[in-house]
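One letter stands for each residue in the lines below.
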Amino acid sequence: MRRFILLILLITTPPLWAVGVIPDTQILLLKNESPLVAFRIAFLTGSANDPAGKEGVAALTASLLSDGGSQKNSYQEILQLLFPMAAGYSSQVDKEMTVFVGVVHKDHLNGYYELLRNAILTPGFKEDDFDRLKTDQLNYVAKTLRFNNDEELGKETLNWAIFKGHPYGRPNEGTTSAIQSLTLQDVKNFYQDQYTTKNLIIGVAGNYPPNLIQKLKQDFAKLPEGIADKESLPPAPKIEGVRVVIVEKKTPATAFSFGYPLSFTRSQEDYFPMMVMNSWLGQHRTLVGRLFNVMREQRGLNYGDYSYIEHFAFGGSFHQPPPNFSRHQQIFQVWIRPVPHAVRHFALRQAVREVQMLSEKGLTEGDLQGIRNYLLNYMVSLAQSNSELLGYALDDHFYKLPKSYFDLSKQNLESLDLNQVNAAIKKHLSTKNMVIAVVTENAEGFKKALIENAPSPIKYDSPKPEAILEEDKLIMNFPFKIQAENITIIPADKMFE
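The model shown is predicted, which means the values in this text are computed figures rather than measured ones. (Residues numbered from 1 in each chain as written. Predicted model: local features only at pLDDT ≥ 70, side-chain atom pairs only at ≥ 80, totals over all residues. Heavy atoms only, no water.)

Engineer: Can you explain the layout of surface pockets? Please cite residues and give values.
Structural biologist: Its boundaries defined by the atoms lining it, the largest pocket holds a volume of some 1100 Å³. Taken together, 46 residues form the lining of the largest pocket, with Val 93, Asn 172, Ala 313, Phe 314 and Phe 325 sitting closest to its centre. Taken together, the elements giving at least two residues each to the lining of the largest pocket come down to helix 3 (57-66), strand 3 (88-93), helix 6 (127-148), helix 7 (150-162) and strand 9 (331-339). Along the lines of polarity and charge, the residues of the lining of the largest pocket split into 18 nonpolar, 15 polar and 13 charged. (1 Å grid on protein atoms, 1.4 Å probe; cavity = no way out; pocket = protein on both sides within 12 Å on 5 of 7 lines; lining within 4 Å. Points joined across faces, edges and corners; volume = space filled by probe spheres on them. Helix = DSSP H or I, 4+ residues; strand = E, 2+ residues; numbered from the N terminus. Nonpolar A, V, L, I, M, F, W, Y, C, P; charged D, E, K, R; others polar.)

Engineer: Residues and numbers for the sheet that holds strand 10 (residues 434-440), please.
Structural biologist: For sheets, the rule is that strands pair by backbone hydrogen bonds, running either parallel or antiparallel. Read from one edge of the open sheet, six strands run 8-9-7-10-6-11, paired in mixed fashion. One side of each edge strand has no neighbouring strand; the edge strands of this open sheet are strand 8 (305-308) and strand 11 (487-491). Across the sheet, the mean angle separating the axes of adjacent strands is 15° when strand polarity is ignored. Along the sheet face, helix 11 (residues 271-282) touches strand 8 and strand 9 and points at about 170° away from the line of strand 8. (Pairing = 2+ DSSP bridges. Axes fitted to C-alpha atoms, helices over the stretch in contact; angles between N-to-C directions. Contact = heavy atoms within 4.5 Å.)

Engineer: Account for empty space enclosed by the protein, naming residues and giving values.
Structural biologist: Considering all chains together, one arrives at one cavity of 30 Å³ or more under this definition. Quantified by volume, the largest cavity comes out at close to 410 Å³. Taken together, 27 residues make up the lining of the largest cavity; nearest its centre are Tyr 271, Glu 310, Phe 312, Pro 321 and Tyr 405.

Engineer: If you had to explain unusual backbone geometry to someone new, which residues and values would you point to?
Structural biologist: Glycine aside, negative phi is the norm for most residues, and most peptide bonds take the trans geometry. A positive phi angle, near 50°, is found at Phe 125, a position not held by glycine. Within the secondary structure layout, Phe 125 lies in the loop between helix 5 (109-121) and helix 6. The class of Phe 125 is buried, set by a relative accessible area of 15%. For Asn 453, which is not a glycine, the phi torsion comes out positive at approximately 55°. Within the fold, Asn 453 resides in the loop between helix 18 (443-452) and helix 19 (466-476). (Buried < 20%, exposed > 50% of the residue type's maximum accessible area, 1.4 Å probe, protein only.)

In structure tokens:
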């Protein structure tokens, strides 16, 4: 605990970790006594920078660096060299960030750093690595995403439908046709254009020697400088009314996601009252959220029901959000984990009704005090390692925060009052203009029920309290009529072509 507090102090006191900046390069340092030295080497580029027709090249470039050979060593040789170090490195790609992440014991630092440096600065770009990783990427989109994970399919469909025609509007891995067209030269071109000192931020934490930082500065300054000013993202497309995209496939249950673009990020003041709202409504994979309580706990509809005001990568795998998926355009999103087909209409109605009631009534003083106390304790558990602390420091840099995210959150949570929270809810929470993504079978049947606004009664396998049954009557008749022209059905094997 003492070490954790020390790290927080280091990260929130800029002169101790913002050691220096080489031309166009930001270096973030967390010096402490940990024998594990953590690296996060970030480039402010990602799938939003994929050239038209080359969707997926950002992801393939990163994987070719982290999971391919260098000019000095083959990929197999790299794995053999890393094995006795009990170390490794990986890459993650999102819309606007590409990050190489690694941790090594200080006893192996020199050998490890050489491998990591060579991977990023002198990649091998070998044909066999390219073919292997391109096939993996294509299989992920064409098989894994479409047919093996309905929840991720639903979330990707929601993102695609909200941002259609926008640089965010596709999976980070690209579309099947674009991936198939990618060449090794496309990867080399992307690397040359985007892996530049202008886009670079380097993070190091742990008990590293001083000469490591000097070496990093010298080595990574050899990258091309890059262009001075990048094009700004276009605004998110405007959504009018409620649109539904139904992905049809043979599946044992129905998965839902729905949401719409937000006009703020964590760098704006409305973020913190909306953080309170979101935690009360649907804190990810916890028992505190309203959606979880009324849908899973009281009615047993599914495994969980959550909401978000920031992108949460790999939500099915992690309880806490991994850092470095920062975006300048976020969405409000509700994630309804799969429910039996027989209750799909009821479940959707209930989730939308809960959001609508919150938007109309806001929170009570008791709600605010309870969720405030929860969040003040929850926040200290978000970063539990040097690598995660580095990740949050990189995100602070991305959003240009005046203090660390943790300090800002604590400061704002302690000072928020009910009027501020409910004013933000009134301003940003709505069910009038949004997209609903559904992964289900018998899509025409569900479409018909939505168009007709048909009642959606529910039957339970065990007795329920009278209050629940009385509320069910309101839910099953909750008016939620969708216009036929606003409903699109797409077979799963046609998604992300």
